[in-house]
Amino acid sequence: MLASVDEIKGQVFDYIIIGALFFETTGLVLASRLSENPSASVLVLEAGGAHIGDNALLVPQRRWLYLGNAEYDWGFKTETQHHAKDRIFTWPRGKGLGGSSAINHLLWNKPARQHIEAWGALGNDGWTWEKFQTYSKKSERFVKPDHDTDVLTYDVTLHGEHGAVVTSFPPVISNLEADFRKAMEAHNIPTIQDPFSGESRGTSPSLSTLDPTTHHRAYATNMYYQPIAGRTNLKVLVNAYVTDIITTEVNGLIAATGVRFVESDNTYTANVTGEVCLTAGAIMSPKILEMSGIGDSAVLERAGIEVKLDLPGVGMNVQEHLYSGVTFELTDHFVGEQEVNTFDSLATNPGLQQELHASGKGSLNLNTVDIAFVALADISPELDAKVIAALQSEEKDAGLAAQYKIQAEHLREKVPSLEIILGPGPAKPPPQGWDASKKHISLCFAINCPLSRGTIHVASKDSLAIDPHVFENRFDLDTMVELVKFCRRLAQTPPLKGEGEGRLKEIHPGPDCQDDADIAEWIRNNVTTTFHTASSCSMLPKELNGVVDSQLKVWGTHNIRVADLSVIPLHVGSHTQSVAYALAEQAADIIKAHNEK
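Below is a summary of the structure that appears in this document. Computed from a predicted structure; not experimentally measured.

Looking only at helices and strands, the protein has 16 helices and 28 strands in total. Taking 597 residues into account, the globule formula puts the C-alpha radius of gyration at 25 Å, and the protein, at 23 Å, falls close to it. The C-alpha extent of the protein, read off along each of the three principal axes, is 75 × 55 × 45 Å. Taken across its 597 residues, the protein has 63% of its residues classed as buried. Sequence-distant contacts, at least 24 apart, represent 75% of the contacts inside the protein between residues at least 6 apart. Total accessible area computed for the protein in this model is approximately 21200 Å², and 49% of it derives from carbon and sulfur atoms.

Written out as structure tokens, the structure is:
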């Protein structure tokens, strides 16, 4: 239950879960599972507010209410990105109970089998596709669609039916999906019924975390926490910003004895006899470790932090999905007799959309459906061959070499590392402004398995340096250039093209941006991310710059684990929401098995 600081300060708990931000989602999963044992006392420390029952979060697609709003969004800034026109990127992260599951774009899909198997191949026993499927199903409560069943295809055997998180298809779709799929098929990209089998290369409909009975967001707070909030052995303290983990040395290992946190400008301590579980996400988990004296000794010394445990991998190996989109004005708003639905009306007539929401109609109930997960060879065999050759010849440290070896294998095997999204709206506001008579779509695209690697480190006790090293490996930029060119070819492919001269009038980047150099310049100026940061506390052998072992325990510690997307050693070719929930479910079983011995 939500607790007061007086109930927490100085008290002793079996488990303290530190959930500060992006996929603090995982923290509430752990809290739910670990508190199933009534004799285990569990404390969750959340840096943001509770926001329970807050319609700004529950009603989907109203991003203007929370992105950039300090009540809901931490609004991190990166370091200057020298390979992206010296831009500083803004990275939104959910500020409150449920973390970024409260502000994400709702999409629920899964990576290819090979992406999960790669974790095991990098030295992590027990991390397999079969286990991932088991734990993903455990987290999911799939609701079958009752509309557009020719488009919204699925295989019920691949989905969970009794899990916590409701997944469903959105009540409103764009109606361009069939044409998009046929155009992709013309480029030898197959349409697949359901990508949850682990064979994800192709175009398929994506689920959303939407409750079809309420048309509200389904996220960690209302799916995992609220149903069990009355457990007396579970305490959740919000607005409690963790500064560091208190440790001592026991038999040559670092042991956590408590957690220090700030609430209302006062500093308190909560004590632990069992384990401290970091679920603060790929930005904050490495920061909290470093603030606790666990990390690269050179980084800690520069920041004036006492070194408790020299662990150079902390804050390294950062990987992030890169994203942009080619935007088109629709010159024909119909597909046959069906009107094309887009997000434009959220800007041109928001009041009407709010009125329509409760009935399951209107643009607030619209979401992206069709996503094509493709391999680099599908869009540019020439670049694919160049990248494979480079990965085999570049000199690198042992940890990165092991990752690049797998990435080269994936390229050769056409494991999907890219995505192309049929976006029912402009990727950025139209340059001429919003016009109620106009509609837009975007062919958005992302690289999900980048070759660049970034860092996240404390710069001092009061500052954090987030440096994703965007486009440091030139092949990431080259790949995005090829994605733009492919999306343009796709837009000119029937039936997506439409009749005659076509129905897709490109407005961004526009017809003046044609050769590869111009496209690369446009990308540097416009690329953003899908906010799927991972790998800053990688699950790898220590000699490969690992931070946690296969049991998610921080190397060299007795009772500190990390259970969020920061532990993924090699990024996945999908959106990360389902991955975070499955990871947390598996982490809970690992922790329970260890403490039941």
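Still more to cover.
Quick look at the nonpolar core now. Phe261, Leu289, Ile420 and Ile523 are the most contacted members of the largest nonpolar core, which totals 162 residues. Apart from the residues lying within four places of it in its own chain, the contact partners of Leu289 are Leu278, Ile294, Val314, Cys537, Val547, Val554, Ile560 and Val562. Formed by eight residues, the second largest nonpolar core is a distinct cluster that contains Ala56, Tyr72, Ala102 and Ile103.

Burial in helix H5 (residues 177–186) covers these residues: Glu177, Asp179, Phe180, Arg181, Ala183 and Met184. The elements touched by buried residues of H5 are strand E8 (202–205), strand E19 (334–335), strand E21 (370–374), strand E22 (418–423), strand E23 (440–447) and helix H14 (474–491). Where H5 terminates, the next one or two residues include Asn188, which has phi positive at roughly 65°.

This part is about the pairing of E23. Counting buried positions along E23 yields eight of eight residues, so the element is predominantly enclosed. Side-chain alternation along E23 places His440, Ser442, Cys444 and Ala446 on one buried face and Ile441, Leu443, Phe445 and Ile447 on a second face that is also buried. When strand E18 (residues 322–330) meets E23, the two strands line up antiparallel, connected through eight bridges. Its bridge partner lying in E23, Ser324 is registered against Phe445.

Counted according to the given criterion, the structure contains eight aromatic pairs. Through a chain of ring-to-ring contacts, three or more aromatic side chains come together here, namely Trp108, Tyr224 and Tyr581. We note Lys95 situated over the ring of Trp74; from NZ or CZ to the ring centre the distance is 4.7 Å.

Once that is clear, we can look at the pattern of salt bridges. Scanning all chains against the criterion turns up 22 salt bridges. Its salt-bridge partner being Lys9, residue Asp6 comes within 3.3 Å of it at the nearest N-O pair. Exposure remark for Asp6: the relative accessible area of 54% places this residue in the exposed category. Among the salt bridges present, the one from Glu521 reaches Arg524, with a minimum N-O distance of 3.2 Å. Separated by three residues within a single helix, Glu521 and Arg524 lie in helix H15 (residues 516–526), roughly one turn from each other. A residue is classified by how much of its surface remains accessible, and Glu521, at 30% relative accessible area, is partly exposed. Given the relative accessible area of 18%, Arg524 is considered buried. Within the structure, one salt-bridge network assembled from shared partners comprises Arg33, Glu36, Lys138, Glu585, Asp589 and Lys592.

Right, let's talk about the environment of Glu301 for a bit. Residue placement: Glu301 occurs in helix H8 (residues 297–302). C-alpha separation for the pair Glu301 and Ser460, spaced 159 residues apart in sequence, amounts to 9.4 Å.

In an α-helix, one turn spans 3.6 residues; hence positions three or four apart end up facing the same way. If you check helix H16 (residues 577–595), its first and last C-alpha atoms are 27 Å apart, about what 19 residues at 1.5 Å a residue would give, namely 27 Å. Most of H16 is tucked away: 15 of the 19 residues are buried.

This paragraph deals with the pairing of E18. The buried count for E18 comes to eight of nine residues, which makes it a mostly enclosed element. As paired strands, E18 and strand E27 (residues 528–529) are joined by two bridges and run antiparallel to one another. Its bridge partner lying in E27, Leu322 is registered against Thr529. For E18 and strand E26 (residues 504–508), the ladder comprises four bridges, and the chain directions are antiparallel.

Once that is clear, we can look at the environment of Glu71. Tracing the backbone through its elements, the reader meets Glu71 in the loop between helix H2 (55–58) and strand E3 (76–77). Glu71 sits in the partly exposed class, given a relative accessible area of 45%. C-alpha separation for the pair Glu71 and Thr167, spaced 96 residues apart in sequence, amounts to 27 Å. Once residues within four sequence positions are removed from consideration, Glu71 is found in contact with His51 and Lys95.

The rules we used
- Residues numbered from 1 in each chain as written.
- Predicted model: local features only at pLDDT ≥ 70, side-chain atom pairs only at ≥ 80, totals over all residues.
- Heavy atoms only, no water.
- Helix = DSSP H or I, 4+ residues; strand = E, 2+ residues; numbered from the N terminus.
- Rg over C-alpha atoms; globule rule 2.2 N^0.38 Å.
- Buried < 20%, exposed > 50% of the residue type's maximum accessible area, 1.4 Å probe, protein only.
- Contact = heavy atoms within 4.5 Å.
- Areas by Shrake-Rupley, 256 points an atom, 1.4 Å probe, with all protein chains shown as cover.
- Core = buried A, V, L, I, M, F, W, Y, C linked by side-chain atoms within 4.5 Å.
- Pairing = 2+ DSSP bridges.
- Phe/Tyr/Trp six-rings, centres within 6.5 Å; stacked < 30°, edge-to-face > 60°.
- Lys NZ or Arg CZ within 6 Å of the ring centre and 35° of its normal.
- Salt bridge = Lys/Arg side-chain N within 4 Å of Asp/Glu carboxyl O.
- Expected span 1.5 Å × (residues − 1).

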